[in-house]
Amino acid sequence: MGPVIGIEVDGTAVEVPEGASLLAAARAAGAEVPALCHDDRLSPAGSCRTCLVRADGRIAAACVTPASLGTRVETATEDLRELRRDAVEVIVSALPPRALAADNPTELAHICRSLGIGPETAAGAGGGGGDDSHPFVHLDRDLCIACGRCVRMCSEVQGTFALTLTGRGADTVVAPGTGGPWAGSDCVACGGCVDTCPTGAITEPGPARGLTSGTATGDALTRTTCGYCGVGC
Ligand code: FES
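> Whenever I open this one, the pairing of strand β1 (residues 4-9) confuses me. Can you help?
What you see with β1 is a clean split: Ile5, Ile7 and Val9 sit on the buried side and Val4, Gly6 and Glu8 on the side with no burial. As defined by bridge partners, β1 adjoins strand β2 (residues 12-17) across 6 bridges and the pair is classed as antiparallel. Counted as the bridge partner of Ile5 is Val16 from β2. Following β1, the chain reverses through 2 residues before pairing antiparallel with β2; Asp10 in that reversal takes a positive phi of roughly 50 degrees. Sheet topology note: the β1/strand β5 (residues 72-74) ladder contains 2 bridges and is parallel. Across the sheet, residue Val9 finds its bridge partner in β5, namely Val73.

> Is there a simple way to think about the nonpolar core in this case?
Nonpolar side chains tend toward joint burial in soluble globular proteins. By size, the foremost hydrophobic cluster in this structure holds 34 residues, and its most contacted members are Val92, Leu100, Leu163, Val174, Cys193 and Ile202. Among the elements of the structure, α2 (78-92), α3 (107-115), α4 (149-157), β9 (173-176) and α5 (192-196) are those that each provide at least two residues to this core. Top contributing element to this core by residue count: α3, with 5 residues. Dropping the residues within four chain positions of it, Leu100 is found in contact with Val92, Leu108, Ala109, Cys112, Ile117, Gly118, Pro119 and Ala122. Counting residues in hydrophobic clusters, the runner-up holds 22 residues, among them Ile7, Ala20, Ala62 and Val73.

> What am I meant to see in the sheet that holds strand β6 (residues 130-131) here?
The strands making up a sheet are joined through hydrogen bonds of the backbone, oriented either antiparallel or parallel. The antiparallel open sheet is built from 3 strands, whose spatial order is β6-β7-β10. Two strands lie at the open edges of the sheet, namely β6 and β10 (202-203), each paired on one side alone. Pairing analysis gives 2 bridges linking β6 to strand β7 (residues 138-140), with the strands arranged antiparallel. When the sheet's bridge partners are listed, Gly130 is paired in β7 with Asp140.

> Is there a simple way to explain the environment of Ala102 in this structure?
Relative to the helices and strands, Ala102 resides in the loop between α2 and α3. The sequence separation of Ala102 and Arg113 amounts to 11 residues, and the corresponding C-alpha distance is 8.7 Å.

Cut-off values and rules
- Residues numbered from 1 in each chain as written.
- Predicted model: local features only at pLDDT ≥ 70, side-chain atom pairs only at ≥ 80, totals over all residues.
- Heavy atoms only, no water.
- Buried < 20%, exposed > 50% of the residue type's maximum accessible area, 1.4 Å probe, protein only.
- Helix = DSSP H or I, 4+ residues; strand = E, 2+ residues; numbered from the N terminus.
- Pairing = 2+ DSSP bridges.
- Core = buried A, V, L, I, M, F, W, Y, C linked by side-chain atoms within 4.5 Å.
- Contact = heavy atoms within 4.5 Å.

Following this line, the structure appears as structure tokens:
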């Protein structure tokens, strides 16, 4: 283990590895900081502003800000909560209400509930449509927030580079890098994108198409990705 440094999170002293992010330090101290575009397995993007904290008096995105010796971090003040809520409201405003339905189990819906953002904030009309061409991966463009986690998972972990972000501004969504339907892309169905997607935009298609569902034992027959192994077999 490399050198550690001491910092303070919400008044509590904590030691973290040198170079750790404020997000990692905050979580090591037991603080709950939402982080929508972040996945510990991936390089940080710092694009969603959901993880804002105050470090030595300055507002900072915790996922891309390294901890320094003696840094005093605040994570739980009401103004930080409001800043995070503002950032997430902008992100979800273009999504359809079902993105935040009460029974929606996604990471995004959970973060919204924790910030007091209700389904009424998601008032988008949809219309982006889906891509149902691939047997193991389904894309719902209306739920994509362009966080890029799937793109980074595909390139950094899987090494496949099958995905990209396309479009401009609020219309930016994930798409196969080959430009056509998912079925004709370089996707190897490793399931990494499904595993990291925080909104349900990329999912497994569900019960198998063309397979007989149900057995004498009551088991269901389902086609699925590896979910997630990273090998891509
Ligand atoms: Fe830090 Fe998105 S999680 S900016």
